[in-house]
Amino acid sequence: EVQLVESGGGLVQPGGSLRLSCAASGFIFSNYDMHWVRQATGKGLEWVSAIGTAGDTYYRGSVKGRFTISRENAKNSLYLQMNSLRAGDTAVYYCAGKPGYGYAFDIWGQGTMVTVSS
Amino acid sequence: DIQMTQSPSTLSASVGDRVTITCRASQSVSSWLAWYQQKPGKAPKLLIYKASTLESGVPSRFSGSGSGTEFTLTISSLQPDDFATYYCQQYSSYWTFGQGTKVEIK
């Protein structure tokens, strides 16, 4: 079964750090570009960060310099290190995958909640 | 940055209705446009990519059209399982989602 499972979410104080993980199974992880997408409660989807099969990385402006995306193909895992967290980062974080250029996000995890609050 | 604008924000319809959702891009995205369906508490599900290509397993009542800056998602005959929120997404330059269209029961 094709699956992505996120973990690592929780409650953190403003300025704190959190590391999200996404475990992949049922497909060739190394062939997929991987993304993080977030959704604040009651709001729409917001793309956060991406990492290509070659390790190239991309970030939305508001998280650049604070978040770091990485992948470990040997462990079929994707990560998002989040530092200097703000209240505006509070959301459900989804990992998602796409099988290369020209394709959209065809695999999604169930999401993990991140709450930034004092 | 490319902005995506969907209309309407909310749509009230009945089972069996033909439903059309529009998505406009602030600049051309060619055909690099996808549509997703999301139900409450669930992850989004890919319906259509490359503007008009139906994802495997998605019912044929869903169709997509358009290119450049204007796109549409059409549900030919709305079914009870289709009441959900729909998002367009451009992937021409980075990745941007529309604000969503909620399809609710009339």
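For the structure, check the block above.
Below is a summary of the structure that appears in this document. Given the structure is predicted, the values throughout are model-derived calculations rather than measurements.

**Quick word on the interface of chain A and chain B**
- At the junction of the two partners, chain A supplies 21 residues and chain B supplies 18 residues.
- Between chain A and chain B, roughly 1,600 Å² of surface is buried when both sides are summed, and carbon and sulfur atoms account for 68% of that area.
- For the pair chain A and chain B, the number of links is zero salt bridges.
- Linking chain A to chain B there are six residue pairs in polar contact (both at pLDDT 80 or more).
- Looking at the side of chain A that touches chain B, the elements with two or more residues in it are strand E4 (33–39), strand E5 (45–51), strand E6 (57–59) and strand E9 (91–98) of chain A.

**A few points about the side chain of histidine 35 of chain A**
- Here histidine 35 of chain A lies in strand E4.
- In this structure histidine 35 of chain A comes out as buried when scored by relative accessible area, which is 0%.
- Within the structure, histidine 35 of chain A has its side chain in polar contact with the side chain of tryptophan 47 of chain A (distance 3.0 Å).
- Those residues in contact with histidine 35 of chain A that sit more than four places away from it in its chain are Trp47, Ser49, Ala50, Leu78, Tyr94, Cys95, Ala96, Lys98 and Phe105 of chain A together with Trp95 of chain B.

**Some words on the pairing of strand E2 (residues 10–13) of chain B**
Residue and element names in this part refer to chain B.
- Side-chain alternation along E2 places Leu11 and Ala13 on a buried face and Thr10 and Ser12 on a face that remains uncovered.
- Sheet topology places E2 next to strand E11 (residues 101–105); four bridges connect them, and they run parallel. Considered in E11, the bridge of threonine 10 is made with lysine 102.

**Description of the sheet that holds strand E1 (residues 4–7) of chain B**
Residue and element names in this part refer to chain B.
- Within the open sheet, the four strands sit side by side as E1-E3-E8-E7. Their pairing is antiparallel. Looking along the sheet, the strands with just one partner apiece sit at the ends: E1 and strand E7 (62–67). The mean inter-strand angle of the sheet, taken between neighbouring strand axes irrespective of direction, is 20°.
- Pairing analysis gives six bridges linking E7 to strand E8 (residues 70–75), with the strands arranged antiparallel. Across the sheet, residue phenylalanine 62 finds its bridge partner in E8, namely isoleucine 75.

About the cut-offs
Residues numbered from 1 in each chain as written. Chains lettered and ligands numbered in written order. Predicted model: local features only at pLDDT ≥ 70, side-chain atom pairs only at ≥ 80, totals over all residues. Heavy atoms only, no water. Contact = heavy atoms within 4.5 Å. Buried area = accessible area lost by both parts, 1.4 Å probe. Salt bridge = Lys/Arg side-chain N within 4 Å of Asp/Glu carboxyl O. Polar contact = N/O pair within 3.5 Å; in protein donor to acceptor, adjacent residues only side chain to side chain. Helix = DSSP H or I, 4+ residues; strand = E, 2+ residues; numbered from the N terminus. Buried < 20%, exposed > 50% of the residue type's maximum accessible area, 1.4 Å probe, protein only. Pairing = 2+ DSSP bridges. Axes fitted to C-alpha atoms, helices over the stretch in contact; angles between N-to-C directions.

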